[in-house]
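Descriptive structure summary
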Amino acid sequence: MDNLSNELPFHLWLSEVHIKDESKIKLLTYFGDPSKLFFAKDDELKALLEVGFINNSEAERLFAAKKQSDIYSPYLAMTKKGIRILPLSSPEYPEKLRSIPGPPAYLFVEGLLPSMSKKYVAIIGTRVASSYGRKAAEYFGFELAKKGIGIISGMARGIDGLAQRAALRAGGQSFGILGCGVDICYPNQNRDLYDSLKEKGGLISPFPPGTKPQPYLFPERNRIISGLSDAVLVAEARLKSGSKITVDFALEQGRDVFAVPGRITDPMSTGTNDLIKQGASIADSIDSILEVLLEGSVPAGLSPAELTERKLEALRDELPYEQFGIVNVLEDMPMGLDEIYKEARKENPSLSVSRLRSLLTELCIDGYVTDEGGGFARCF
Amino acid sequence: MIVKIKSGAMLGVEMVPVDVEVDVSNGLPRFELVGFASSELREAKERVKVGLNNSQLPIPVSKITVNLSPANLPKSGTSYDLPIAVGILAASEFFDYEATEDIFMAGEVGLDGSLKGVPGILPMVSQAKKKGLKKFLIPYENKDEAAFVEDIEIVPLKDLKEVFLYLSNPGRYTSEYLCRDEGETSAVKPGDSGPHADFIDIYGQENAKRAALISAAGFHNLLMVGPPGAGKTMIAKRISGILPPLTRDESLEVSSIYSVAGLLKEGKGIITERPFISPHHSMSDQALIGGGRIPKPGAVSLSHRSVLFLDELTEFRRSTLDLLRQPLEDKCVTIARAYGNYTYPTNFMLVAAMNPCPCGYFPDRQRCHCSEPEIARYLSKISGPILDRIDMTVEVSRPPVDTIEKHGEESSKDLREKVVKAREIQKMRYAGKPYAMNSELYGEDLNRFCRLGKPEKDLMAKAFSSLGLSIRAYHKIIKLARTIADIEESEAINVSHLEEAISYRTINRKYWN
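Quick notes on the rules
- Residues numbered from 1 in each chain as written.
- Chains lettered and ligands numbered in written order.
- Predicted model: local features only at pLDDT ≥ 70, side-chain atom pairs only at ≥ 80, totals over all residues.
- Helix = DSSP H or I, 4+ residues; strand = E, 2+ residues; numbered from the N terminus.
- Buried ≥ 20, exposed ≤ 12 C-beta atoms within 10 Å, placed from the backbone.
- Contact = placed C-beta atoms within 7 Å.
- Pairing = 2+ DSSP bridges.
- Axes fitted to C-alpha atoms, helices over the stretch in contact; angles between N-to-C directions.
- Domains from an automatic or database assignment.
- Nonpolar A, V, L, I, M, F, W, Y, C, P; charged D, E, K, R; others polar.

It is worth spelling out the overall build of chain A at this point. Secondary structure summary: chain A contains 18 helices and eleven strands in total. The principal-axis extents of the C-alpha atoms in chain A amount to approximately 90 × 40 × 35 Å. Counting over 380 residues, chain A shows a buried share of 46%. Sequence-distant contacts in chain A: of pairs separated by 6 or more residues, those separated by 24 or more amount to 68%.

Glancing now at the sheet that holds strand 14 (residues 307–310) of chain B. Residue and element names in this part refer to chain B. Read from one edge to the other, the open sheet built from five strands follows the order 11-14-17-10-18, with strand pairing classed as parallel. On the outer flanks of this sheet lie strand 11 (276–277) and strand 18 (392–395), each paired with one strand and no other. Where strand 10 (residues 222–225) lies against strand 18, four bridges are found, and the strand directions are parallel. Residue L223 lies in a different strand from strand 18, and its bridge partner there is T393. Against the sheet, helix 8 (residues 206–218) engages strand 10, strand 17 (349–354) and strand 18, with an angle of about 165 degrees to strand 18. Each of strand 10, strand 11, strand 14 and strand 17 is contacted by helix 9 (residues 232–242), which is oriented at about 170 degrees to strand 17, the strand it contacts most.

Domains assigned within chain B are domain 1 (2–177), domain 2 (199–399) and domain 3 (441–513). The C-alpha centroid of domain 3 of chain B is placed 57 Å from the C-alpha centroid of domain 1 of chain B.

What follows covers the sheet that holds strand 4 (residues 150–153) of chain A. Residue and element names in this part refer to chain A. Pairing within the open sheet is mixed, and its nine strands lie in the order 1-2-6-5-4-3-7-8-9. Of all the strands in the sheet, the pair left with one neighbour each is strand 1 (84–87) and strand 9 (281–282). In the sheet, strand 8 (residues 256–259) pairs with strand 9 via two bridges, with the strands oriented parallel. Paired with F258 across the two strands is S281, which belongs to strand 9. Together, strand 3 (120–125), strand 4, strand 5 (174–177) and strand 7 (231–236) form the strand contacts of helix 11 (residues 218–228), whose direction differs from that of strand 5 by roughly 155 degrees.

Residues and elements named next belong to chain A. Along the chain, P87 falls in strand 1. The spatial distance from the C-alpha of P87 to the C-alpha of T126 is 32 Å, given a sequence separation of 39 residues. Look past the residues within four positions of P87 in its chain and what remains in contact with it is H11, A105 and Y106.

Contacts between the two partners involve 27 residues from chain B, matched on the other side by 26 residues from chain A. The element that contributes the greatest number of residues to the side of chain B that touches chain A is helix 21 (residues 495–503) of chain B, accounting for five residues. For the side of chain B that touches chain A, the per-class residue count stands at eight nonpolar, ten polar and nine charged.

This brings us to the environment of D322 of chain B. All names here are of chain B. Along the chain, D322 turns up in helix 13 (residues 318–322). Separated by 18 residues in the primary sequence, D322 and H304 place their C-alpha atoms 18 Å from one another. Leave out the neighbours within four places in its chain, and D322 touches S383, P385 and I386.

And the structure:
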């Protein structure tokens, strides 16, 4: 171990050299120790170049990088921030990830690491979630976490963040896999999640600290999301979506793929419905996931549809007639005021717009209904 | 001999009395015009000289000096032509000087001696009357607007020959030209607005109609958010038609502004219907606020006592929108020039419309692919200070196709009746106050006139914590609830009024909190 910690500053140096992970791993196997690579004579590298062990541009980059005079202070700066570097050879390096084709040469971690004994589900999906997608992400994030399943995702806007927040709310564990350095919070509006993941879970990235988020870095992040998970769940996605990339990696890595089914008329669910068509498992409740993950030992639970139905039945008694009439009209998707008015008047023809508006405000205040800026949706 | 003719200069909508002093004396023949005159005014010399000649009223061969007093006030425009011409005739004793005494004159003279209309006649006449003048000699073209002022004698004339005839034997012409009969005003609106469109044309959209009713009843500034083709513009156009009819005083105020702007044309008389002003978003700052070397009223003043509609609010330059802050706050704009300040009233109701996102279709995800940051960026084009002055926001959605040819149930007439009723209640409540509408309530008076009971206070407290309302939303909600209560003819503001008022802030809460 001591030996390893002496090597770590050199590992950080190597991680920052712009050559392929594959080549880094190859070089490490050859030299055994990154410091040996750093101190290697120019002739030795030239010889490796001549036999084709490394190519021209790689050699150039290595020569340039070897001119770096200070190896230790970047490392100290990193450890001061609480960030650790895990080379592939580290015993801490997650076993699940090590076994995927082409594992990343380095992982940077702040906080915890996924544990060997636990099961992990990646919940991913669109960044602009509908209220249905939000509910799905929160339901699966929360309920799976309650069953002790860890939630892995990309900390992005929309589904990712929602599922992770829900998991933390349930007292569970969650890991954010980033497409930038772990010292950078992207997107910035998820700052709260970023901070709590550091404490109650972990932030993991294959990129050295200080790496800015770039579009071309995200596929690599997605590969690690699926690599660290036992199953991948797509909560909501359009046909053209980044989640597709993650799903492809998941299949390549042999992970189970689940998709939350959507309505056939809903463009926001075309991606998930398409996945189901291609053979992904339907995630209609956590049971369908637990069944596969825990192999048989299925705890009985209510499906989201049953939960909604029960809630509606309870509200029928709980709420006055007028209020219930409105809740009953609302759906998961936000409905515009004009539409609610039209629908609610079918049951209650004397309803006026002003009454409807005041009822909706009342229901929002009491937490039965949420307003989405452009419309209103059921809260449960 | 020296004569003085009474005329006036316009500073904004304020008239400053000007004496046109004319001296005709022996000496080398020349024509001198002094008194801080602009270039178009200095050209009056040529117009008057030739005009008189062509009216067979030859200008005397002597030394003519004209002074516009007070001489330190800058003067412009062509309305001094008539007093100068009359002054020359009187000073050369074409008729008795006494015949011109205490007659206010203004008008432009053409080379053929004809009299042409000038802007600003209505405010000149109405304010000159307050200064004690009773008789007005003005171009025939301006007679309709001047006729609005009661209890005075107006002599609208077509050319200098008539002026000469009238002044040489006043008795003969008086009866023919006295025009204002009690109660008779030839009143046609200016511009091309035509008769106001009617709410009966709109089927469905009950939600937007209700918002229009409330905003009109309390003169609340309204923002409509909705996709293209939802009918935002249709609704906005109909709002000025449900505002209460202009009172006589309001009509005078509005017409005065139009008169100064030169927008009251012959045969159109004064303004009795509230105008609807809808400037394009590419408009210049001057066109909005008013301006120019001699400041003319801008869109904010032309919509005084009525609706200023800004369509595609997010397309306006932010700097232009920010200019609205002062007029919305002070109800007037003051434009400073080296020689004085021009103040125009701007008590308008702002009605704005915008799309919810760059593509226009949010939250319809079938069509809208805008991301949340994109939407946030789009909405942030509207600055906080402007949003602060908007009392209610309403979402307008596209009506289903099958409703397009149907008609609504409530006509503008029905809605106007409700508005008038609510306004009456407000007027009685605010008797003796400098304001008459709920939207103008501030500070102490707000608490005094909008007392909340225990259940209402509880509701507000609950709404604050669970809906995350901002403090500045608080007063707006109460003012709006006051108007809703007035529409329902309820003395007290109750829970349902507050709840409805809160619902007009959903969009603000989501995006602009």
